[in-house]
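Single-letter residue listing:
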Amino acid sequence: ANRSYAEETNKVLDPFTMGVWVLLIGMIAVTAVLSVWFSRKRSKQPSVYARLALDEFLQKGIFFCSAGVEQDENASLPRKLLMFGF
């Protein structure tokens, strides 16, 4: 029963077609970008926007994948990364 990493990944992705996965991830990315766009946090440094975008992407992804159960908005980035992996 020695299966490759690719076979195990395919089993996880099987419930949906590739187009649906792209749509889901794209929808999460768009909502994250809009959250950054409408955010009151203004900065001229691109690294601040990148960190905020990653933070919003994880927050929106957790919200979407947890069936709408709201997570702590002020949680740290490591906690959000942990929650994103379920």
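To keep things clear, this report deals only with the structure shown in the data block. Computed from a predicted model, the values in this text were never measured in an experiment.

Definitions and cut-offs
Residues numbered from 1 in each chain as written. Predicted model: local features only at pLDDT ≥ 70, side-chain atom pairs only at ≥ 80, totals over all residues. Heavy atoms only, no water. 1 Å grid on protein atoms, 1.4 Å probe; cavity = no way out; pocket = protein on both sides within 12 Å on 5 of 7 lines; lining within 4 Å. Points joined across faces, edges and corners; volume = space filled by probe spheres on them. Nonpolar A, V, L, I, M, F, W, Y, C, P; charged D, E, K, R; others polar. Phe/Tyr/Trp six-rings, centres within 6.5 Å; stacked < 30°, edge-to-face > 60°. Buried < 20%, exposed > 50% of the residue type's maximum accessible area, 1.4 Å probe, protein only. Salt bridge = Lys/Arg side-chain N within 4 Å of Asp/Glu carboxyl O. Helix = DSSP H or I, 4+ residues; strand = E, 2+ residues; numbered from the N terminus. Contact = heavy atoms within 4.5 Å. Axes fitted to C-alpha atoms, helices over the stretch in contact; angles between N-to-C directions. Parallel < 35°, antiparallel > 145°, perpendicular 65-115°, else oblique. Left-handed = near helix turned anticlockwise from the far one by under 90°.

In this structure, the largest pocket occupies an estimated 240 Å³ of space. Taken together, Ser-35, Ser-39, Lys-41, Leu-52, Asp-55, Glu-56, Gln-59, Lys-60, Glu-73, Asn-74, Ala-75 and Lys-80 make up the full set of residues lining the largest pocket. The class makeup of the residues in the lining of the largest pocket is 2 nonpolar, 4 polar and 6 charged.

A few words on the packing of aromatic side chains. Under the criterion given, the structure shown has 1 aromatic pair. Ring centres 5.3 Å apart and planes at 80° place the aromatic pair Phe-16 and Trp-21 in the edge-to-face group. Given a relative accessible area of 42%, Phe-16 falls into the partly exposed group. With relative accessibility at 22%, the residue Trp-21 sits in the partly exposed group.

Enumeration according to the criterion identifies 2 salt bridges in this entry. Glu-56 is paired through a salt bridge with Lys-60; the nearest N and O atoms lie 3.4 Å apart. Linking Glu-56 with Lys-60, this pair stays in helix α3 (residues 46–65), spanning 4 residues, or about one helical turn.

Its place among the elements puts Asp-55 in helix α3. A relative accessible area of 16% places Asp-55 in the buried class. If near-sequence neighbours (up to four positions away) are discounted, Asp-55 is found in contact with Leu-77 and Lys-80.

Take the packing of helix α2 (residues 18–37) against α3 next. Relative to each other, α2 and α3 sit at 130°, their axes nearing to 8 Å. Classified by the angle their axes make, α2 and α3 are oblique. In terms of crossing hand, the pair formed by α2 and α3 is right-handed. Residue-level contacts link Leu-24, Ile-25, Met-27, Ile-28, Ala-29, Thr-31, Ala-32, Ser-35 and Val-36 of α2 to Tyr-49, Leu-52, Ala-53, Glu-56, Phe-57, Lys-60, Gly-61 and Phe-64 of α3. Split by residue class, the contact of α2 with α3 holds 12 nonpolar, 3 polar and 2 charged.

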